Amino acid sequence: MRARARSQKARRAGTTGRRGELLAILWLAAKGYRPLARRFGGKGGEIDLIVKRGRTIAFVEVKARGLLDDALTAITPEKRRLIEARIRQWLSRNAWAMDHHLRADAVFLAPWRRPRHVPGAFELIL
């Protein structure tokens, strides 16, 4: 029974994540960003969104939590390391992007709160 409960919890988390990513795409599109990729990566971490506006490419981590303060603290150093590894992988396949300004952004979501887009949420070490 525990395995089934975990499976249901994982499904709910996946649904919440997809909804959060869709809301983040809409929010960023309203700010002039154009989506390039969604959920790039796989096992070992993924980049939730890759968006472009002008000469800037932003690698966006989306965090949805019950409270906005919980979302703000959800990007751990380990998560950053995994994101940076996926960014290097994406850049190796998209060499044209190397002459753009690269940035690690975040969109934080909480129920009944306006999404919070944080440009340059953390420094990229590539």
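Coordinates for the structure precede this section.
Residues numbered from 1 in each chain as written. Predicted model: local features only at pLDDT ≥ 70, side-chain atom pairs only at ≥ 80, totals over all residues. Heavy atoms only, no water.

Caption draft 1: Up close: the packing of aromatic side chains. Within this structure, the stated rule accounts for two aromatic pairs. Between F59 and W90, the aromatic rings sit 5.5 Å apart at their centres with planes inclined by 75°, giving edge-to-face as the arrangement. Of this pair, F59 sits in strand β3 (residues 56-64) while W90 is found in helix α3 (residues 77-93), placing the two residues 31 residues apart along the sequence. With relative accessibility at 4%, the residue W90 sits in the buried group. (Phe/Tyr/Trp six-rings, centres within 6.5 Å; stacked < 30°, edge-to-face > 60°. Helix = DSSP H or I, 4+ residues; strand = E, 2+ residues; numbered from the N terminus. Buried < 20%, exposed > 50% of the residue type's maximum accessible area, 1.4 Å probe, protein only.)

Caption draft 2: A look at the pairing of strand β2 (residues 45-53). Counting buried positions along β2 gives seven out of nine residues, so the element sits mostly inside the fold. Turn length for the β2-β3 hairpin, with the two strands adjacent in sequence and antiparallel, is two residues, and the turn residue G54 shows positive phi of about 60°. (Pairing = 2+ DSSP bridges.)

Caption draft 3: Layout of the pairing of strand β4 (residues 101-109). Where burial is concerned, most of β4 is hidden: eight out of the nine residues are buried. Examined bridge by bridge, β3 and β4 share nine bridges and lie parallel to one another. Bridging from a neighbouring strand, V62 pairs with V107 of β4. Across four bridges, β4 lies against strand β5 (residues 116-122) in antiparallel orientation.

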